[in-house]
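What follows is each chain in one-letter form.
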Amino acid sequence: MTAFRKNLIDGEWVGDAGSRNINPSDTGDVVGEYASAGVEQAGQAIAAAKAAFPAWSRSGPLARHAVLKKAADEIMARKDELGRNLAREEGKTLAEGIGETIRAAQIFDFFAGETLRLSGEVVPSVRPGVGVEITREAVGVVGIITPWNFPIAIPAWKIAPALAHGNTVVFKPAELVPESAWSIVDILHRAGLPKGVLNLVMGKGSVVGQAMLDSPDVNAVSFTGSVGTGKRVAAASVEHMRKFQLEMGGKNPLVVLDDADLAVAVDCALNGAFFSTGQRCTASSRLIVTNGIHDRFVDALKERMEKLVIGDALDAQTQIGPVVDATQLKQDEDYIAIGVREGATLAFGGERLDRKTPGFYLKPALLTEATNAMRSSREEIFGPVASVIRVQDYDEALAVANDTPFGLTSGICTTSLKHATHFKRNSEAGMVMVNLPTAGVDFHVPFGGRKGSSFGPREQGRYAMEFYTTVKTAYTFAG
């Protein structure tokens, strides 16, 4: 029997009308049915969060620690079940789904610890007899809007710090992946959160998301998604003078120099460009390769791509799952065709695949002889498609890597300490990898980019407090 999942508003599960969640590995498989909130329910969720804020923001650290720690422990204990559900609804492999679930547990565990590490400063005033205290306080009601590509990790790294620092939350997950979102909200609810502290409003972004943006009672918005929607979040937030945090696109370069270890470079490219079906904002979609190693690199990469197993996400042998849905599949195919029309060579893949069950299967595509001016090299595709750009030397590689409206992550494969050091300093990206895939980051350190990729304070780790708190300076005259 198909499960029906409701929204959580003010501590109660509510909702009638539902939308279906389809397995991209098997379009005949319905993961579940989910309530779809409207403007009225979004308003009720915001009102509940506002009412719950005074008590939660002044709750002791042990109360917050207990909830987050209990949630972390349950997520970890159920990692196989939750990871399987994630793979089933999003299409990434079972191993990746379980790995992402483990990461969500680690994030909640980290921020459980942060509740006990909150601190301030006491400093002397320039005036005799006056003391100065600098503390951090919760921002208020935080609207959280998350994408479909990391359906449990991204909600975790937004909700956990929001709650740890005393905020209340209205959470709108992506329509394509509601099961993972519902699961972590259910876990947190049963872990003992007071009513109204965390509210789940599943539904259309144009309805629920817009209601959140229109409300003057939402004090901050953390958004991960497309550039276009991010700009709308920014404009609406400026109107209300609220804090906003944006994580948007990426067109990330992986530079491969002549002196690179070829096996390392191919591993980095294969993982960064194609794992998780290339549906990562940190994916290596531009492979910038110097002339001396170019042909050997392309041949070796194609050889590895030929061996990739593309299939049902739940099959233990699968290395690359399906694209998330029909719309994304068409977008991937359109960009491959655009690249070829612009003069690139489709050196490998790019065609739809048939498997035992009907799904959105695409053979990972490699475009060679691409230039950095092509649309396929400048616009985010968000699929298993990578372009190889040939350059003469390191200086040209760096210039091409930086010639992008995005700046999330970048990578370089080299055995030269000189070039690695120079690249780390001069790459115009928020995160830089040396002899590692551009995709793949730790949960306890800052995440974020530059230029059109990100706006606002960094996410994750201790740096998360910059967004989820506001600073207060208090003066006291002892008399």
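Residues numbered from 1 in each chain as written. Predicted model: local features only at pLDDT ≥ 70, side-chain atom pairs only at ≥ 80, totals over all residues. Heavy atoms only, no water.

## A look at the overall build of the protein
1) Next: Scanning the protein from terminus to terminus reveals 15 helices and 23 strands.
2) Next: Scaling as 2.2 N^0.38, a compact globule of 479 residues should have a C-alpha radius of gyration of about 23 Å, and the protein matches this with 23 Å.
3) Next: Along the first, second and third principal axes, the C-alpha set of the protein runs to 75 × 65 × 40 Å.
4) Next: The buried share of the protein, taken over its 479 residues, is 57%.
5) Next: In the protein, of all internal contacts separated by at least 6 residues, the share reaching a separation of at least 24 is 73%.
6) Next: Entry remark: accessible area of the protein is about 19100 Å², with carbon and sulfur atoms responsible for 54%.
7) Next: The centroid of the 50 positive side-chain charges in the protein is displaced by 4 Å from the centroid of its 55 negative side-chain charges. (Helix = DSSP H or I, 4+ residues; strand = E, 2+ residues; numbered from the N terminus. Rg over C-alpha atoms; globule rule 2.2 N^0.38 Å. Buried < 20%, exposed > 50% of the residue type's maximum accessible area, 1.4 Å probe, protein only. Contact = heavy atoms within 4.5 Å. Areas by Shrake-Rupley, 256 points an atom, 1.4 Å probe, with all protein chains shown as cover. Lys, Arg positive; Asp, Glu negative; His and termini not counted. Charge placed at Lys NZ, Arg CZ, Asp CG, Glu CD.)

## Quick notes on the nonpolar core
1) Next: One finds Leu163, Phe171 and Leu188 to be the most contacted residues of the largest nonpolar core, which totals 62 residues.
2) Next: Top contributing element to this core by residue count: helix α5 (residues 153-164), with nine residues.
3) Next: Formed by 28 residues, the second largest nonpolar core is a distinct cluster that contains Val289, Phe348, Leu353 and Tyr361. (Core = buried A, V, L, I, M, F, W, Y, C linked by side-chain atoms within 4.5 Å.)

## Thoughts on the environment of Gly28
1) Next: Within the secondary structure, Gly28 sits in strand β5 (residues 26-35).
2) Next: Exposure remark for Gly28: the relative accessible area of 63% places this residue in the exposed category.
3) Next: Residues Gly28 and Arg375, 347 residues apart in the sequence, show an inter-C-alpha distance of 35 Å.

## Describing the pairing of strand β12 (residues 243-247)
1) Next: For β12, a buried count of four out of five residues is recorded, marking the element as mostly surrounded by other parts of the structure.
2) Next: Judged from the five bridges that link them, strand β11 (residues 220-224) and β12 form a sheet pairing that is parallel. Counted as the bridge partner of Val221 is Phe244 from β12.
3) Next: In this structure, β12 lies alongside strand β22 (residues 454-455), joined through two bridges in antiparallel fashion. Bridged to Glu247 within β22 is Ser454. (Pairing = 2+ DSSP bridges.)

## Some words on the packing of aromatic side chains
1) Next: Inspection of every chain in the model, using the stated rule, returns seven aromatic pairs.
2) Next: Between the aromatic rings of Phe110 and Phe443, the centroid separation amounts to 6.4 Å while the plane-to-plane angle is 75°, which identifies the pairing as edge-to-face. Of the two residues, Phe110 is situated in helix α4 (residues 94-114) and Phe443 in the loop between β20 (431-434) and β21 (450-451); the sequence distance between them amounts to 333 residues.
3) Next: Ring centres 5.4 Å apart and planes at 85° place the aromatic pair Trp148 and Phe382 in the edge-to-face group. (Phe/Tyr/Trp six-rings, centres within 6.5 Å; stacked < 30°, edge-to-face > 60°.)

## Observations regarding the pattern of salt bridges
1) Next: With the rule as written, the count across this model stands at 27 salt bridges.
2) Next: Between Glu81 and Arg78 there is a salt bridge, with the nearest N and O atoms lying 2.8 Å from each other.
3) Next: Within the structure, one salt-bridge network assembled from shared partners comprises Glu74, Arg78, Glu81, Asp186 and Arg190. (Salt bridge = Lys/Arg side-chain N within 4 Å of Asp/Glu carboxyl O.)

## Here's the deal with the packing of helix α13 (residues 394-402) against helix α14 (residues 417-426)
1) Next: Where α13 contacts α14, the two axes come as close as 11 Å, and the packing angle between them is 25°. Relative to α14, α13 is oriented roughly parallel. In this structure, α13 meets α14 at a crossing whose hand is right-handed. Residue-level inspection shows Tyr394, Leu398 and Asn402 of α13 in contact with α14, the latter providing His419, His422, Phe423 and Asn426. (Axes fitted to C-alpha atoms, helices over the stretch in contact; angles between N-to-C directions. Parallel < 35°, antiparallel > 145°, perpendicular 65-115°, else oblique. Left-handed = near helix turned anticlockwise from the far one by under 90°.)

## Re the pairing of strand β19 (residues 409-413)
1) Next: For β19, the buried fraction is high: five of the five residues fall into the buried class.
2) Next: Here β19 shows two buried faces, one formed by Thr409, Gly411 and Cys413 and the other by Ser410 and Ile412.

## Some remarks on helix α9 (residues 262-274)
1) Next: Between its first and last C-alpha atoms α9 spans 18 Å; for 13 residues at 1.5 Å apiece the expected length is 18 Å, and the two agree.
2) Next: Every buried residue of α9 is listed here: Ala265, Val266, Cys268, Ala269, Leu270, Gly272, Ala273 and Phe274.
3) Next: In this structure, the buried residues of α9 make contact with β13 (253-256), β14 (286-290), α10 (291-306), β16 (365-370), β17 (385-391) and β19.
4) Next: For α9, the capping residue at the N-terminal end is Asp261, with a side-chain oxygen 3.0 Å from the backbone nitrogen of Ala263.
5) Next: Ser276 occupies a position one or two residues after α9 and carries a positive phi of about 55°. (Expected span 1.5 Å × (residues − 1). Polar contact = N/O pair within 3.5 Å; in protein donor to acceptor, adjacent residues only side chain to side chain.)

## Quick look at the layout of surface pockets
To find the voids left in a structure, one rolls a probe of water-molecule size over its atoms.
1) Next: What the largest pocket holds in volume is close to 980 Å³.
2) Next: For the lining of the largest pocket, the secondary structure elements donating two or more residues are α7 (205-214), β11, α8 (227-240) and α11 (326-341).
3) Next: Broken down by element, the lining of the largest pocket gets its largest block of residues, five residues, from α7.
4) Next: For the lining of the largest pocket, the residue count by class is 15 nonpolar, 15 polar and six charged. (1 Å grid on protein atoms, 1.4 Å probe; cavity = no way out; pocket = protein on both sides within 12 Å on 5 of 7 lines; lining within 4 Å. Points joined across faces, edges and corners; volume = space filled by probe spheres on them. Nonpolar A, V, L, I, M, F, W, Y, C, P; charged D, E, K, R; others polar.)

## Describing unusual backbone geometry
1) Next: Positioned with a positive phi, Ser276 is a non-glycine residue whose angle comes to about 55°.
2) Next: Relative to the helices and strands, Ser276 resides in the loop between α9 and β14.
3) Next: The class for Ser276 is buried, based on a relative accessible area of 6%.
4) Next: The backbone of Glu369 shows a phi angle near 55°, a positive value even though the residue is not glycine.
5) Next: Mapped onto the elements of the fold, Glu369 is located in strand β16.
6) Next: Glu369 sits in the partly exposed class, given a relative accessible area of 38%.

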